[in-house]
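A look at the structure
Chain by chain, the residues:
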Amino acid sequence: MVGSIDLYAGDLNTEKVEPLPEDFDPTAVIKELVPPVVEAENEEKDKKREIVLGRNVHTMCLAVTEPESDDEVTGEREASMASVLARYRKSLIERTKHHLGYPYNLDFDYGALAQLQHFSINNLGDPFIESNYGVHSRQFEVGVLDWFARLWELEKNEYWGYITNCGTEGNLHGILVGREVFPDGILYTSCETHYSVFKAARMYRMECVKVDTLVSGEIDCEDFKLKLLCNKDKPAIINVNIGTTVKGAVDDLDLVIQKLEETGFTHDRFYIHCDGALFGLMMPFVKRAPKVSFKKPIGSVSVSGHKFVGCPMPCGVQITRLEHINALSRNVEYLASRDATIMGSRNGHAPIFLWYTLNRKGYRGFRKEVQKCLRNAHYLKDRLKDAGIGAMLNELSSTVVFERPQDEEFVRRWQLACQGNIAHVVVMPNVTIEKLDVFLNELVQKRATWFQDGKLQPHCIAADVGKENCLCALHK
Ligand SMILES: Cc1ncc(COP(=O)(O)O)c(C=O)c1O
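Structural notes, computed from the coordinates. As the structure is a computational prediction, the values presented were derived from the model and not from experiment.

For the rest of this paragraph, the subject is the overall build of the chain. Along the backbone of the chain there are 13 helices and 15 strands. Looking at the 476 residues of the chain, the share that counts as buried comes to 41%. Taking the intrachain contacts of the chain between residues at least 6 apart in sequence as the baseline, contacts between residues at least 24 apart amount to 71%.

Okay, here's the thing in structure tokens:
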């Protein structure tokens, strides 16, 4: 139902969720035969989760145990493993129902592809050169790449690309191509960029200049210009965010290019990689959105396949100009192919899943889904504000940023992504109004308890989202 919600009244148990039993314990099914669950020593159950560097915290694992000699006869091991898997599946169903924080589309049906599970499909090497390994899916991979090249307006005979293992690999590749084109180039990117780009800079030992952002999260082009002027003698490699991780802000690609031109960087002295992990596939279907297009002077674009597309395994798409790829590639006799990718073996199932979805949905299907996500994101932002909770939604985005909940248990239950005083929900095609209503009701009820005795106050988030979007005691 798209309509009003009763934010204060109501029972939190209205949704038919099948929670796991409190004492979920796989060992309880068939005693002794199931691998024991190993728990960390002295672990305090409700302790706030902390990131512990340099220590391998073994909070929970299903141990692998040695088969007994008579296992095959009794069949007990098979039965106990089946039981563990059944319980695990149940927990996945529950966790899928309560997921809002990460940009994954969890709404799909790939039943038709189950028959392919029996094959070890591997696309190692170059997608466009057949290697000696015959159990591959290059024909699907190239079909998918053609689709994306057309979306981003690059001719078939002018592009090169491949299906990556994730958006991070696309960034690692795009920036590597930039570095090969300009070995002494400086990498520029905004301070709200995904960590994979800074990782690329560290891996390739590149000088990296962090550019300020506006409150929206998009790159501050005035600061970009100042920083370019300080380094006019070196070529520029720029990572442009087509949707930042936390606020879903889209860097203004046209303005970035304009600033480069204004500061005297001709097209042969800069390389732009567009990180479109999530919005790379949404933007083309948003009315009035600026275009990501190879008709502009950009070098590469990457997108994640498990985000908006809804592939059940991590994967991504990387497209670059064919002219750049020779600088990077080497012939490999052992493969009878060319090596121009970051990874060696590549998941050959992923291109088939992508091909399947693109064929089923087409441009029309994606447009409909994008519109639904934007509508539902506005609904969430408006309801949060109606309930007195500070929130922000960037114009081209379905990422709703709001005041961080005070209770880590609540954060974990809904799998929210948090940074400092803010949290976000990424509205994906599987996030319905009904789900948002359940979440909102629960948040409002919980919030009333967090602030009831006046000891805690809602966070001030003006620095993150602007005064006009903050509803703390000072700004409401
Ligand atoms: C803007 C941006 N770039 C890159 C990535 C990395 O993508 P992946 O998780 O597919 O490696 C993310 C992930 O959320 C992202 O938000």
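After that view, the rundown keeps rolling.
This next bit is on the packing of helix H6 (residues 221-230) against helix H7 (residues 253-262). If you want to describe how two helices pack, look at the angle between their axes and the distance between the axes. Look at H6 against H7: their axes get within 10 Å of each other, and the N-to-C directions meet at 30°. Taken together, the axis directions place H6 and H7 in an arrangement best described as roughly parallel. For the crossing formed where H6 meets H7, the hand is right-handed. Of the residues in H7, those in contact with Cys-221, Phe-224, Lys-225 and Leu-228 of H6 are Leu-255, Val-256, Lys-259, Leu-260 and Glu-262. The residue inventory of the contact of H6 with H7, partitioned by class, reads six nonpolar, no polar and three charged.

Orientation of helix H4 (residues 167-181) relative to helix H5 (residues 195-203), taken along the N-to-C sense of each, is 40°, at an axis distance of 9 Å. With respect to H5, the element H4 is oriented oblique. Seen from above, H4 lies across H5 with right-handed handedness. For the pair H4 and H5, the contacting residues are Thr-168, Asn-171, Leu-172 and Ile-175 in the first and Ser-196, Val-197 and Ala-200 in the second. Among the residues making up the contact of H4 with H5, the classes are represented as four nonpolar, three polar and no charged.

Another aspect to go through is the nonpolar core. Among the nonpolar cores identified, the biggest contains 104 residues, and Trp-152, Ile-319, Leu-354, Val-400 and Val-427 are the most heavily contacted of them. For this core, the element with the most residues is helix H10 (residues 349-386), which contributes 12 residues. Beyond its immediate chain neighbours, meaning those up to four positions away, Val-427 contacts Cys-373, Asn-376, Ala-377, Leu-380, Ser-398 and Val-400.

Moving on, we get to unusual backbone geometry. The backbone of Glu-153 sits at a positive phi, close to 65°, despite the residue not being glycine. Accessibility expressed as a C-beta count within 10 Å gives 14 for Glu-153, which makes it partly exposed. Notably, Arg-288 is not glycine yet its phi reads approximately 70°, a positive angle. For Arg-288, the position within the fold is in the loop between helix H8 (279-282) and strand E8 (300-304). C-beta crowding within 10 Å serves as the criterion here: with 6 such atoms nearby, Arg-288 is assigned to the exposed category.

The subject of this paragraph is the sheet that holds strand E9 (residues 316-321). Strand order in the open sheet formed by seven strands is E3-E9-E8-E7-E6-E4-E5, with mixed pairing between adjacent strands. Of all the strands in the sheet, the pair left with one neighbour each is strand E3 (159-164) and strand E5 (208-211). Across the sheet, the axes of successive neighbouring strands diverge by a mean angle of 15°, strand direction being ignored. Both E3 and E9 contribute to a ladder of six bridges, which runs antiparallel. Considered in E9, the bridge of Thr-164 is made with Gly-316. Across the sheet, H6 lies against strand E4 (186-190), E5 and strand E6 (236-241), angled at about 150° from E5, the strand it touches most.

Compared with the 26 Å implied by 1.5 Å per residue over 18 residues, the 25 Å span of helix H12 (residues 433-450) between its first and last C-alpha is a close match. The complete set of buried residues in H12 reads Lys-435, Leu-436, Asp-437, Val-438, Phe-439, Leu-440, Asn-441, Leu-443, Val-444 and Arg-447. The elements touched by buried residues of H12 are H10.

What follows covers the site of the ligand. The environment of the ligand is made up of 17 residues, and the closest members are Cys-166, Gly-167, Thr-168, His-194 and Ala-277. Among the elements that take part in the shell around the ligand, H4 stands out by supplying three residues, more than any other. Residue composition of the shell around the ligand, grouped by class: five nonpolar, 11 polar and one charged.

Here we come to the pairing of E5. Pairing between E4 and E5: four bridges, direction parallel. Following the sheet pairing, Thr-189 is matched in E5 by Lys-210. A crossover links E4 with its parallel partner E5, the connecting element being H5, and its sense is right-handed.

Here the focus is the environment of Tyr-133. Of note, Tyr-133 is situated in the loop between helix H2 (76-97) and helix H3 (138-151). Residue Tyr-133 is classed as partly exposed on the basis of its C-beta count, with 17 C-beta atoms lying within 10 Å. In this view, Tyr-133 contacts Asn-122 and Leu-124; residues no more than four positions away in its chain are not counted.

So, how was this worked out
Residues numbered from 1 in each chain as written. Predicted model: local features only at pLDDT ≥ 70, side-chain atom pairs only at ≥ 80, totals over all residues. Helix = DSSP H or I, 4+ residues; strand = E, 2+ residues; numbered from the N terminus. Buried ≥ 20, exposed ≤ 12 C-beta atoms within 10 Å, placed from the backbone. Contact = placed C-beta atoms within 7 Å. Axes fitted to C-alpha atoms, helices over the stretch in contact; angles between N-to-C directions. Parallel < 35°, antiparallel > 145°, perpendicular 65-115°, else oblique. Left-handed = near helix turned anticlockwise from the far one by under 90°. Nonpolar A, V, L, I, M, F, W, Y, C, P; charged D, E, K, R; others polar. Core = buried A, V, L, I, M, F, W, Y, C linked by C-beta atoms within 7 Å. Pairing = 2+ DSSP bridges. Expected span 1.5 Å × (residues − 1). Near = placed C-beta within 6 Å. Right-handed = clockwise from strand over helix to strand, strands pointing away.

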